[in-house]
Each structure stands twice: as C-alpha cells, then as structure tokens.
Amino acid sequence: MERLLDQQIAPDTISRRHHYVPQTYLKKWSFDGKRVWTLDTAAHRARPLGIKDVCVEENFYRVVGPGGLPHNRVELLFGVVDSELRRVQSLFSDLDDPDVLEFDDLIALGVTVAVQRMRTLQQRRIQRQYNLWLHAQNPEDWPSFDDPTAPHRAAGIHTQAVFTGMWEAADVMTTRQIEIWHDPQGRFMTCDAPVLVPFDRTRRPSLEAAPYVLWPVSPHRVVALARDSQGEKAVIHEAGGKRIGAVREAVEQGRERMIFASGNQRDRLPTTKLFRRRAQVQMRCTDRTPHGEYVPPPGCCVEQSETFSAAPDVNLCSQGLHVPAPAMWELS
C-alpha cells in the first residue's frame, strides 16, 4: 500500500504500451527469456511471439485525472502490483515446504490473484457489453464507453473497478485453501486471462461458489484456491491426468484469444480446435435483489453473470421494462 500511494504523486510516465498480463508472468513459459509459444485462437495459428508484444494494448490504462487531463500514472501503480506478482509467483513456483509461508505471503497471494483476474482485456470487453445494455436502458445515467468525445472513459471505469474491488475479491481468495498442483513434466498452459474460474457446464460461478480458482504460475505449477478447507497453510499435490485436464479445459474455455505453452508443450497446443465460444455476459430477470429482498411485480431485478457462449446470453422478462441492446452482440 505504501508503494502504491507513492506512485500516485510520481511524475507521469511516457509509456503508452500497457500490458494487461505482466511480462514477468509470461517469462515462466518462455523458451528463451524473450519469446513464448502462442496459439491465436482467432487466427488458428501457433507461433513464437515476443513477450513484449503479447497481451498489450495502446493506452489500455490511460485515464483522465481530477484536473481533466489524461495520464498514464495507472501504469506505475500496476508496476508496483507486478513487482509483488513476480515475488509471489516465484515463491509458489519453487515452494517445497508450506510451513515457510508467512501471513503476508497469503495476503499477497490473495491480492495478486484478485488484481490479475480483473485487469484483463476480457474483463474490459465484458464490462463494455454490460455498459451497452445499461446505456440502452438509461443513456443519461449510463453514458456509453464508446463516446468519441471521452476516449478514456472505459479505461477509467475499468481501472477504478479493479482498485476498488481488489480488496473484497482478495478477502474471498484468502479464505480459500491453497493447493499447489505440481506436474514434473511441465504440462500446464496458461492464457491471456490467467486467473481461471472454471465454468460449471456453461455458466461461470461466482468467486464464493466456485470449487476452485486456478492460477497457473509455471508449466510445472498451478496454485489452486479451493473452496473446501483442509486446515493447512498449503497442500502440495502431484498433478495427475485429471488435474492437468481440468487446467487445460479451464485455459481453453477461459482464454480471451491467446493460449501460451512452454517450448516442450508447443505440439500440444490445440491448433485444430475451433474456438467459437468464450466468456460472455449472461442476463436474467429475477424477483430477488442480490441481498435476497423480494421484488413484487411488475418490477424485477436483472441478474448479471458470465456464460461460456458464442454471444451474449440475454433472456429477460417481457413486461416492457427493458430496452433491447443489439450492439452488445458486436462485442461477442
């Protein structure tokens, strides 16, 4: 927190190429320290790409400050987060004795996983899908992310959501049992949305309900945050076919576009598979608020979740309360 606060008053950085998956994270899969084998699931092509050139967007974190001027200082904040990620990733990649873990390590793991889950291009796209629906319902209260007069609005809302929501998400992570799945053969892959909440059939459960939250930290290790506690700081399991398959499926379904493999596993990248589905917004009407309060008719509450689908899955009531938002499908 002290390092984060220091960056709030630091001079603006000139960097415009912002990585939403840290380069230091992907280096664990690199075969030469500079490149990583990458499957582009949209182009159906596997090739080695430079770590500097993947999971990066121009001005992805460029936001407007209180004085009305855009700046890149958020990139400095994520630099602090990434330095802690590097430490935590190395710690759990090499951990042999769970008893050496200290309380601060557990908190750091929770915050690292929470931030990395929320900061991705996938989460930005899903936020934009939901924004398109809200804008269609009430454009005065919900301005569009895609307003050309406010080009940094999406980055501002997304960034604010990450830093305000990370503590609550970290609280959920730190209540879970830490399991370390170890594969001596190094068969774990990762993707451009590397913190994985596996889908239950076609629906992604909430953080509280998910049996596991998976974070591959190297080709040999996955940190699996389990819902069921065993009363231990961490439990190390040798990963057999079932665990390796579960991670592989979570990566293939949970990716936004890119899947990454080590040099030894490049031939196992699913180059012939058609990736027609990925995470999308799902919306349903319910007669209960998120706090369980009853909503009498003709009112309703719109419940948002995420689904594994080729397009947004919106199936709302026909009481005339909701305005269609066809633009959502343009972001599928």
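The text that follows walks through the structure, step by step, so that each part is easy to find. (Residues numbered from 1 in each chain as written. Predicted model: local features only at pLDDT ≥ 70, side-chain atom pairs only at ≥ 80, totals over all residues. Heavy atoms only, no water.)

## Re the overall build of the chain
So, step 1. Looking only at helices and strands, the chain features seven helices and 16 strands.
So, step 2. The C-alpha radius of gyration computed for the chain amounts to 20 Å, which stays within 12% of the reference 20 Å derived for 332 residues, consistent with globular compactness.
So, step 3. Principal-axis analysis of the C-alpha atoms places the extent of the chain at approximately 60 × 45 × 45 Å.
So, step 4. Here the chain, with 332 residues, has 49% of them falling under the buried criterion.
So, step 5. For the chain, long-range pairs separated by at least 24 residues make up 74% of all intrachain contacts whose partners lie at least 6 apart in sequence.
So, step 6. Within the structure as shown, the chain displays about 16600 Å² of accessible surface, and the carbon and sulfur contribution to it stands at 50%.
So, step 7. In the chain, 41 positive and 42 negative side-chain charges are present, and the distance between their average locations comes to 7 Å. (Helix = DSSP H or I, 4+ residues; strand = E, 2+ residues; numbered from the N terminus. Rg over C-alpha atoms; globule rule 2.2 N^0.38 Å. Buried < 20%, exposed > 50% of the residue type's maximum accessible area, 1.4 Å probe, protein only. Contact = heavy atoms within 4.5 Å. Areas by Shrake-Rupley, 256 points an atom, 1.4 Å probe, with all protein chains shown as cover. Lys, Arg positive; Asp, Glu negative; His and termini not counted. Charge placed at Lys NZ, Arg CZ, Asp CG, Glu CD.)

## Some thoughts on unusual backbone geometry
So, step 1. In this structure, P298 follows P297 across a cis peptide bond, with omega equal to 10°.
So, step 2. Of note, P298 is situated in the loop between β14 (278-286) and β15 (301-309).
So, step 3. Positive phi, normally seen in glycine, also occurs at C55, with a value near 55°.
So, step 4. Within the secondary structure layout, C55 lies in the loop between β3 (45-50) and β4 (56-58).
So, step 5. Here the phi dihedral of N59 falls at roughly 60°; this positive angle occurs in a residue that is not glycine.
So, step 6. Take N59: it is sitting in the loop between β4 and β5 (63-64).
So, step 7. Among the residues examined, N59 registers a relative accessible area of 21% and is labelled partly exposed.

## A short note on empty space enclosed by the protein
So, step 1. Enumeration according to the criterion identifies one cavity of 30 Å³ or more in this entry.
So, step 2. Counted as a void, the largest cavity has a volume near 30 Å³.
So, step 3. Around the largest cavity, the lining residues are R187, M189, I244, R248, Q265 and R268.
So, step 4. Residues that form the lining of the largest cavity fall into these classes: two nonpolar, one polar and three charged. (1 Å grid on protein atoms, 1.4 Å probe; cavity = no way out; pocket = protein on both sides within 12 Å on 5 of 7 lines; lining within 4 Å. Points joined across faces, edges and corners; volume = space filled by probe spheres on them. Nonpolar A, V, L, I, M, F, W, Y, C, P; charged D, E, K, R; others polar.)

## Thoughts on the sheet that holds strand β16 (residues 313-315)
So, step 1. Across the sheet, four strands lie side by side as β9-β15-β14-β16; this open sheet has mixed pairing. Only two strands of the sheet have a single partner each, and these edge strands are β9 (203-204) and β16.
So, step 2. Alignment of β14 against β16, held across three bridges, turns out to be parallel. Paired with Q282 across the bridge in β16 is D313. (Pairing = 2+ DSSP bridges.)

## Some details on the nonpolar core
So, step 1. F92, L109 and W215 are the most contacted members of the largest nonpolar core, which has 51 residues in total.
So, step 2. When residues in this core are grouped by element, the largest group, eight residues, is from helix α6 (residues 153-174).
So, step 3. Residues within four places of F92 in sequence aside, it is in contact with L101, L109, I178, I180, R221 and V223.
So, step 4. Counting 20 residues, the second-largest nonpolar core is a separate cluster that includes C191, L196, V222 and V247. (Core = buried A, V, L, I, M, F, W, Y, C linked by side-chain atoms within 4.5 Å.)

Everything listed here is a matter of coordinates, which is why it stays silent on function.
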